[in-house]
Amino acid sequence: MNEPTRLRRHASVLVGLVLFSLAQGCGYFGYYKYERPERIPKEVGERIRDPLTFVTTAEMDGPTLAALQVALADFMPPGVESSGNDEYLVRCYNRRDTFDVRIDKVNDDLYVIRFSADLDRCGMPPGSVVMDAGATYLIDGQGRILDIR
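Here the structure is a predicted model, which means the values were calculated and not measured.

Student: Can you walk me through the pattern of salt bridges in this structure?
Tutor: If charged atoms from side chains of opposite charge come close, those side chains can pair. Counted by the stated rule, this structure contains 10 salt bridges. Across the salt bridge formed by aspartate 61 and lysine 105, the nearest N and O atoms sit 2.7 Å from each other. One end of the pair, aspartate 61, is in the loop between helix H3 (42–47) and helix H4 (62–75); the other, lysine 105, is in strand E1 (residues 99–107), with 44 residues separating them in the sequence. Between arginine 91 and glutamate 87 there is a salt bridge whose closest N-O contact spans 3.9 Å. One end of the pair, arginine 91, and the other, glutamate 87, are both in helix H5 (residues 87–93), four residues apart, so they sit about a helical turn from each other. Looking at glutamate 87, the relative accessible area reads 56%, which means it is exposed. Look at the salt bridges and you will find they share partners, linking Asp61, Lys105 and Asp108 into a network.

Student: Would you mind going over the sheet that holds E1 with me for this structure?
Tutor: What the four strands build is an open sheet, ordered E1-E2-E3-E4; its pairing is antiparallel. Only two strands of the sheet have a single neighbouring strand rather than two, namely E1 and strand E4 (145–148). Strand-to-strand twist of the sheet, defined as the mean angle between neighbouring strand axes without regard to direction, takes the value 15°. Where strand E3 (residues 134–140) lies against E4, three bridges are found, and the strand directions are antiparallel. Each residue of the ladder has a partner; that of leucine 138, found in E4, is aspartate 147. Most of the contacts of H4 go to strand E2 (residues 110–117), to which it runs at about 45°, and overall it touches E1, E2, E3 and E4.

Reading guide: rules and limits
- Residues numbered from 1 in each chain as written.
- Predicted model: local features only at pLDDT ≥ 70, side-chain atom pairs only at ≥ 80, totals over all residues.
- Heavy atoms only, no water.
- Salt bridge = Lys/Arg side-chain N within 4 Å of Asp/Glu carboxyl O.
- Helix = DSSP H or I, 4+ residues; strand = E, 2+ residues; numbered from the N terminus.
- Buried < 20%, exposed > 50% of the residue type's maximum accessible area, 1.4 Å probe, protein only.
- Pairing = 2+ DSSP bridges.
- Axes fitted to C-alpha atoms, helices over the stretch in contact; angles between N-to-C directions.
- Contact = heavy atoms within 4.5 Å.

Rendered as structure tokens:
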């Protein structure tokens, strides 16, 4: 009579499986997968020398970088790709190098971040016009999105 019933054995197995699945978190199911940036082999890196001149330099303070990260996470969320009827345009929008970014620091509590697509980088015919190929974000100093235009 001290033996656990069949229902209790199945219930304990079920509880164990539920706890195991919860312990894995969302990463177990693949909802968000962080992809580390690609690194070149050490031998190739040793052949590259520091340049003496630079074409352009962008310098950001910490709050500006934080505002850019908020806008980028909303404009191009990790693991989410564009979709649509035109396959060529979808491939173009899924490339990060298609977009130019302009960051304007109005004051310590307001940043204007503009994403604009340069469709020439995708090989689109000259003079191609695509409506809604970018966005303008207003971000406050606490990293909150005030407006998207």
